[in-house]
Structure formats: C-alpha cells, structure tokens
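So the chains spell out like this:
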Amino acid sequence: MANKITAPKGTKDILPQDAAQWQLMEAQALEIFSKYGYKEIRTPIFEATELFARGVGDTTDIVNKEMYTFEKSDRSLTLRPENTAGVVRAYIENGMSRISPPVKLWYKGPMFRYERPQAGRQRQFHQVGVELFGIKEAAADAEVIVVATNYLKSLGLNDLEVELNSLGCPDCRENFKTALKKSLESELDELCEDCKNRYEKNPLRLLDCKVPTCNAIFAQPQIQEVVQSDFICDECSVHFEEVKSYLSNMSVKYSINKLMVRGLDYYNRTVFEIKSNNLGSQNAVCGGGRYDSLVANLGGESTPAVGWAMGMERINSLIKSVEPVKIDAYIVSDTSVEAFKLAEELRAAGLSVEIDLSSKKFTKQLEKAAKTANFALILGEDEIKNNSVAVKNLDTGKQETVNRKDASERIKIGAS
RNA sequence: GCGAGUGUAGCCAAGUGGUUAAGGCUCCGGUUUGUGGUACCGGCAUUCGUGGGUUCGAUUCCCAUCAUUCGCCCCA
C-alpha cells in the first residue's frame, strides 16, 4: 500500500454508479434555467488572482486563506473559489453591457477552496449558479429566487427553507455595524476569541456565534434592540418589501433571518440562503444575493446584478438515488465477427447493445446478458445461416426466432 | 489553524499477546462446451495504513507518522 497514489485530500471521484444523479442535476439545470431565458456561460477554471482579491473581497476567509494560488511567467493565477467574479469579468470583457438588459447567465462546474474537508465540504466541489445583470428592481431578486426554488423542486426537493434578509446599501450597513459595535463595546472582554476577531473584521457575523456565553450576551435587551432594529434606509426598505411581496404572491415560502450575513463582501440589499436539516453542519444548499457594485468594482460600467450558487454535492446528497438502467440487449454468440456486426446494426437502430469481447463460453455469455440486459440475442450457426436471430426476453424467459432485420423492432415492442 | 473518532481485501466486516487472520457481497472458474439470473464446488489478504518500541513472540500493548471521518472556523 505504501506507494499507492490516492486522490488529493478533499477531492472525490464521481463514480459511474453516481453518474445518473449528476446527469439529472445538469439536465434539470439546462431545462429549468432555459425556461427563464438564462444562457449557459463557461469561464476559465483559473483566473488572475487579483480578480478574486478585488471581486470576492480581500477581508474574506476565502481570499485570505482558502485560495489555490500559483505563479506562472510572473503572473499570479488562482483556481476559482467561486464563479460570480469570473462571470462578471467575462460580462465586462465581452461587452455584455451593450446587450439589452436583463442579461441572464448560468454556469456549472468545479470550484476550489483550501479548507479542512468535512461533511458537505470538499476542496474541489461543484456549483451550479445563475447571475442576472442590469435590473435594479426587486422583480429581479424575486426571479432568481423563484428560479432556485423551481430548480430544487424539479429535483424532488420541495421542503427546503428559504431564508431572507436585507443588508441595505453600504451606508445602511456601516450604520448598523457601528451601532452594533457600540452596543457591544462594554462586553468585549467577555466574548470568545472568535467573536473578538469578528468584532474587528466582520461584526455582522457576531450574531450567529455558537458559544453559549456569547449568546447570553447577545440576548441582552439593549443589544437585541439594536439587532432587531430596522436600520436600513427607506429606499432599501421599499426594495425589500417589494421582494417579499413578489415571493408571497408566487407562493414561495420564506422566513426572515435578521442574523443572516453572507460571507462574500460584494453583497448589498437582498441576501438569501436555502437550507436543509438533513445535511449535518454544512446545511446551506444555496446562497446568493444582490451585488450592485461588483461590476463597477471590477472595472465595468456600473450595473446592478443579483445571483446565487448552489453546492451540487450537497444537492446530490439530498436527492434520492436513481435506479441503474439495464441495456436493451446483449448478444450471445460464438461467432464474434457476426455478433459485432449485429450489434452495430442494432445500435444504428437506436438500441444500447453489448457483446462479449473475450470469447467466453455460451453459458457465461448468457449469464452476463441476464445481469446487464433486458434481452439476450442469440446468434448461432443456424441463425446466421437463416439470416435470423433468437430474441430472448430475460424477464419472462420467453424466446422467439425472428428475421434479423426485425430484431430491433421486436426489442422495442417488447421493452415498451 | 484547533478539537475528537476511526484505519483488517474492490465493498461490508469478525477476531485474538502464540501453529495456516472468520464470515458475507462483488469478481473469476467449474458442475453444465446452445439457454441465464435462484443451487452446489473451488479461487481471490505470505498479512491487519506506515515506521519504530515493549516482548521469546504483536494485527492485538505503547509512541510517532500518514490517511480518513466528524466538529470548530468558514462556506455552497
């Protein structure tokens, strides 16, 4: 075992027995997103490091300690830890601001973050996501959320919770941060180490600390008063009310979580998550929100935008497994050239067909057929002479000899 | 970066300080060289993650190391 090469830490093979579920997730993405007019975009798996530093935000953990960064020809490149920054870069670079808005894009693919693996968290993982550019109205926020819930519904996931919050505009956010920090100033020494850190770097995150002593402090009335206050400005407040109103009218169930903060710096106004109780500690299936300043920050014309991403491994662990499908026919023959030719004829007619490639005995071939196929096609000397083939239904055991050219029709009828 | 659990075959898994390390699934071969999937027989770990220590002797006890799982942090 000493020299066995294994998959790198935090990576996983997606094996043939799981392929059907991944294909389903991808097929539903294409189908559902297309109904809303979203077009697929495929961006590079690595980008200039600066894109993520400026896009995702250089105060975030993702950028500070989780990126796979490497140097090549004096360029600093990074394996994408998420794809919104890449899509925005492509939007700007390809002049999509000249397309009449909205510009609706979706993507799927691997992302990379250098973290300790655990349930629902890998170093290479896959996301599917949508981005909508050019619409500042609340209808856009509502649409992307509806797209998300309908996509999950199409995979049989109806009972997931949508959590909603508004961060307001940058001014609202600053006001809230200041108020919160002020309210906690006197308690600072009592907080846990993580919280002291958050106090400086990311005050909004303080509230979902899991340490009991911290929770007790946050539960104090004078602090709750700040937490529960409507700190967002009138304009942001109107926008948020409109988003909620759309969702209610679309019968999308949601709850308001005033403590929800997104980890990426670029969000403003609407933020949301979709969670499941069946995922262990990493319970968010989908996360997203509005990011009206990102396009300008990355050098484009100021363009409002909203979008989300879902973790495909997390979705995959929630959808029920797809039953393996048998092939249509397995050809049993001692004359491999003829078997080969017959298989090609049937494949051309649209069937899935396998043959024995290793000169196994008749009974072994039939055994293999019984395990893997719905029909066995027996092609012996007599059949070849008569230009016929014996078609055996492996469920019922019934067998009949038909003209070779009718074999594909016989199987299609029998299979239906 | 921090904390806890687990490492016996492709998978599941029993086991004990002492001759050849149970069993099941899968796979391969045979009983059956033109009729299967259910039966029966046989094959598949010179070795228990790796290195070192204790011992007459270690898969079993100790230490280290690596891998993996779960949790913290963070996020999809």
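Residues numbered from 1 in each chain as written. Chains lettered and ligands numbered in written order. Predicted model: local features only at pLDDT ≥ 70, side-chain atom pairs only at ≥ 80, totals over all residues. Heavy atoms only, no water.

Turning our attention to the overall build of chain A. Within chain A one finds 16 helices and 16 strands. Since a compact globule built from 416 residues should have a radius of gyration of about 22 Å, the 28 Å found for chain A marks it as more spread out than a globular shape. Counting only C-alpha atoms, chain A reaches 95 × 55 × 50 Å along its principal axes. For chain A, with 416 residues in total, the buried portion stands at 47%. The long-range fraction of contacts in chain A, counting pairs at least 24 apart against all pairs at least 6 apart in sequence, stands at 68%. Just so you have it, chain A exposes about 22,100 Å², and 49% of that area is on carbon and sulfur atoms. Distance from the positive charge centre (54 side chains) to the negative charge centre (59 side chains) of chain A: 4 Å. (Helix = DSSP H or I, 4+ residues; strand = E, 2+ residues; numbered from the N terminus. Rg over C-alpha atoms; globule rule 2.2 N^0.38 Å. Buried < 20%, exposed > 50% of the residue type's maximum accessible area, 1.4 Å probe, protein only. Contact = heavy atoms within 4.5 Å. Areas by Shrake-Rupley, 256 points an atom, 1.4 Å probe, with all protein chains shown as cover. Lys, Arg positive; Asp, Glu negative; His and termini not counted. Charge placed at Lys NZ, Arg CZ, Asp CG, Glu CD.)

Let us now look at the sheet that holds strand 4 (residues 75–79). Reading across the sheet, the 3 strands line up as 2-4-3 and stay open at both edges, with antiparallel pairing between neighbours. Every other strand in the sheet has two partners, leaving strand 2 (46–48) and strand 3 (68–72) as the edge strands with one partner each. Each strand axis lies, on average, 35° off the axis of its neighbour in the sheet, ignoring direction. Bridge analysis of strand 3 against strand 4 gives 5 bridges, and the strand direction is antiparallel. (Pairing = 2+ DSSP bridges. Axes fitted to C-alpha atoms, helices over the stretch in contact; angles between N-to-C directions.)

Turning our attention to helix 6 (residues 170–184). Compared with an ideal rise of 1.5 Å per residue, which puts 15 residues at 21 Å, helix 6 spans 21 Å between its outermost C-alpha atoms and is within 8% of the ideal. The set of residues buried in helix 6 consists of C172, R173, F176, L180, S183 and L184. Along helix 6, the residues classed as buried sweep out an arc of 100° about the axis, all on the same side. Residues P170, D171, N175 and K182 are exposed on helix 6 and point more than 90 degrees away from its buried face. Buried residues along helix 6 sit against helix 7 (193–201), helix 8 (212–218), helix 9 (221–228) and helix 10 (234–249). (Expected span 1.5 Å × (residues − 1). Arc of directions from axis to C-beta.)

Moving on, we come to the packing of helix 6 against helix 9. Two numbers describe how helix 6 lies on helix 9: the axes approach to 10 Å, and their chain directions differ by 175°. One element, helix 6, and the other, helix 9, form an angle in the roughly antiparallel class. Note on element contacts: helix 9 touches helix 6 through I223, V226 and V227, opposite F176, A179, L180, S183 and L184. (Parallel < 35°, antiparallel > 145°, perpendicular 65-115°, else oblique.)

Before going further, it helps to spend a moment on the side chain of T84. Looking at the secondary structure, you find T84 in helix 4 (residues 84–93). In terms of polar contacts, T84 uses its side chain to reach the side chain of Y266, at 3.4 Å. Sequence-distant contacts of T84, defined by excluding residues within four places in its chain, comprise Y107, E131, Y266, Y291 and L294. (Polar contact = N/O pair within 3.5 Å; in protein donor to acceptor, adjacent residues only side chain to side chain.)

Attention now goes to the confidence of the model for chain A. Confidence in the prediction of chain A, expressed as mean pLDDT, is 91, and 98% of residues score 70 or more. This prediction of the complex comes with two scores: 0.91 for pTM and 0.87 for ipTM. (pLDDT = per-residue confidence, 0-100.)

Turning our attention to the pattern of salt bridges. By the definition in use, this model includes 24 salt bridges. We note a salt bridge from D141 to R290, for which the minimum N-O separation is 2.6 Å. A residue pair is termed long-range when its members are at least 10 positions apart, and D141 in helix 5 (residues 138–154) and R290 in strand 10 (residues 284–290) qualify at 149 residues. Here K196 ties to E193 by a salt bridge, and the two come within 3.5 Å at their closest N and O atoms. (Salt bridge = Lys/Arg side-chain N within 4 Å of Asp/Glu carboxyl O.)

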